[in-house]
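Residue-level listing of the chains:
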Amino acid sequence: MMVLVKLKAGVKMKWIPKDIDTFLGAKEYIDTAIVPIYSVSFGDEMKDSASKHEFITLLTSYLERQFTGRILLFPPYTYLKNERIENTMSELKKWEENIKNSELKHIFFITSEIEWKSQEEKLNGSLIWLPSIPLEHMDETQKVSIIDSQVKQLVNLFTEKWHKND
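Note that this is a predicted model, so its numbers are computed, not measured. (Residues numbered from 1 in each chain as written. Predicted model: local features only at pLDDT ≥ 70, side-chain atom pairs only at ≥ 80, totals over all residues. Heavy atoms only, no water.)

Student: So what's going on with the nonpolar core? Which residues, and what values?
Tutor: The biggest cluster of nonpolar side chains holds 22 residues, and the ones touching the most others in it are Ile34, Leu59, Leu63, Ile110, Ile147 and Phe158. The set of elements that each furnish at least two residues to this core consists of β3 (32–40), α2 (46–66), β4 (71–73), β6 (106–111) and α4 (140–165). Among all residues touching Phe158, those that are not within four sequence positions of it are Ile34, Leu63, Phe67, Phe108, Ile110 and Ile128. (Core = buried A, V, L, I, M, F, W, Y, C linked by side-chain atoms within 4.5 Å. Buried < 20%, exposed > 50% of the residue type's maximum accessible area, 1.4 Å probe, protein only. Helix = DSSP H or I, 4+ residues; strand = E, 2+ residues; numbered from the N terminus. Contact = heavy atoms within 4.5 Å.)

Quick look at the structure:
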């Protein structure tokens, strides 16, 4: 799945080979993975699912821009909301193991799905749960302002985790 997000003045981020070439060329400096976690729901929960997706997509894209040269933003881990959490956790653990094997020292999983809080201790990486902020009725300036505010709070968390684990 290709993620294309438009933020401020046409800045775009894509999961493309050119970005991976950059990562491979600077691998010794890039030590952190960010993995967005999204659920997909149908029926009555579909709109809520899309709203959470939009929020986490904008947030993680903005984080990637803030920490360019330090982090690699992975494609989202996406699962069906009605799946058993044990099954999705098993699959996410495979992602985590493969990321660790690629020599990235820090892994941050970011989600708006509250169910993941109960699974946090099963992960070796850091789970960040943020309540989703509905962005659908905001203009781009408002969205950027909200996301910027959230990212400023996360900067301290990231820095703390990096210092603790280095």
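Student: Hey, could you go over a nonpolar patch on the surface for me, with residue numbers and the actual values?
Tutor: On the surface, a nonpolar cluster with roughly 310 Å² of combined accessible area is contributed by Phe42, Met46 and Leu80. Summarising the element assignment, Phe42 is placed in the loop between β3 and α2. On the accessibility criterion, Phe42 (58% relative accessible area) is exposed. (Patch = residues over 30% accessible without salt bridge, like charges linked within 9 Å, V, L, I, M, F, W, Y side chains within 5 Å. Areas by Shrake-Rupley, 256 points an atom, 1.4 Å probe, with all protein chains shown as cover. Salt bridge = Lys/Arg side-chain N within 4 Å of Asp/Glu carboxyl O.)

Student: Go over the side chain of Thr32, please, and point to the residues and values.
Tutor: Mapped onto the elements, Thr32 comes out in strand β3. Polar contacts involving the side chain of Thr32 include one to the side chain of Trp162, which spans 2.7 Å. Apart from residues lying up to four places away in sequence, Thr32 is in contact with Arg70, Ile71, Leu72, Leu104, His106, Phe108 and Trp162. (Polar contact = N/O pair within 3.5 Å; in protein donor to acceptor, adjacent residues only side chain to side chain.)

Student: Could you give an account of the packing of α2 against α4, naming the residues involved and the relevant values?
Tutor: In contact at an axis separation of 9 Å, α2 and α4 are set at 60° when each is read in the N-to-C sense. Regarding the angle of α2 to α4, the classification is oblique. Seen along the crossing, α2 lies across α4 with a hand that is right-handed. Across from Glu54, Phe55, Leu58, Leu59, Tyr62, Leu63 and Gln66 in α2, the residues of α4 making contact are Lys143, Val144, Ile147, Asp148, Gln150, Val151, Leu154 and Phe158. (Axes fitted to C-alpha atoms, helices over the stretch in contact; angles between N-to-C directions. Parallel < 35°, antiparallel > 145°, perpendicular 65-115°, else oblique. Left-handed = near helix turned anticlockwise from the far one by under 90°.)

Student: So what's going on with the confidence of the model for the chain? Which residues, and what values?
Tutor: Residues of the chain with pLDDT of at least 70 account for 90%, and the chain-wide mean is 86. Under a pLDDT of 50 for its full length, residues 1–14 has, in the predicted model, 32 contacts with residues more than four places off or in other chains. (pLDDT = per-residue confidence, 0-100.)

Student: Requested: an account of the packing of aromatic side chains, with residues and values cited.
Tutor: Under the definition given, this model contains eight aromatic pairs. Aromatic side chains Phe108 and Phe158 sit 4.0 Å apart centroid to centroid with 10° between the ring planes, which places their arrangement in the stacked category. Of the two residues, Phe108 is situated in strand β6 and Phe158 in helix α4; the sequence distance between them amounts to 50 residues. Taking the relative accessible area as the measure of exposure, Phe108 reaches 1% and is therefore buried. According to the relative accessible area criterion, Phe158 is buried, its value standing at 0%. Geometry around Trp162 places Arg70 over its ring, the cationic atom sitting 3.9 Å from the centre. (Phe/Tyr/Trp six-rings, centres within 6.5 Å; stacked < 30°, edge-to-face > 60°. Lys NZ or Arg CZ within 6 Å of the ring centre and 35° of its normal.)

Student: Quick rundown of the pairing of β6? Include the residues and the values.
Tutor: Within β6, six of the six residues are buried, leaving the element largely enclosed by the surrounding structure. Residues His106, Phe108 and Ile110 line one face of β6 and the alternating positions Ile107, Phe109 and Thr111 line the opposite face, and both faces are buried. Of the pairings in the sheet, the one linking β3 to β6 comprises six bridges and is parallel in character. Bridge pairing in β6 links Thr32 to His106. As defined by bridge partners, β6 adjoins strand β7 (residues 126–129) across four bridges and the pair is classed as parallel. Across the sheet, Phe108 pairs through a bridge with Ser126, a residue of β7. (Pairing = 2+ DSSP bridges.)

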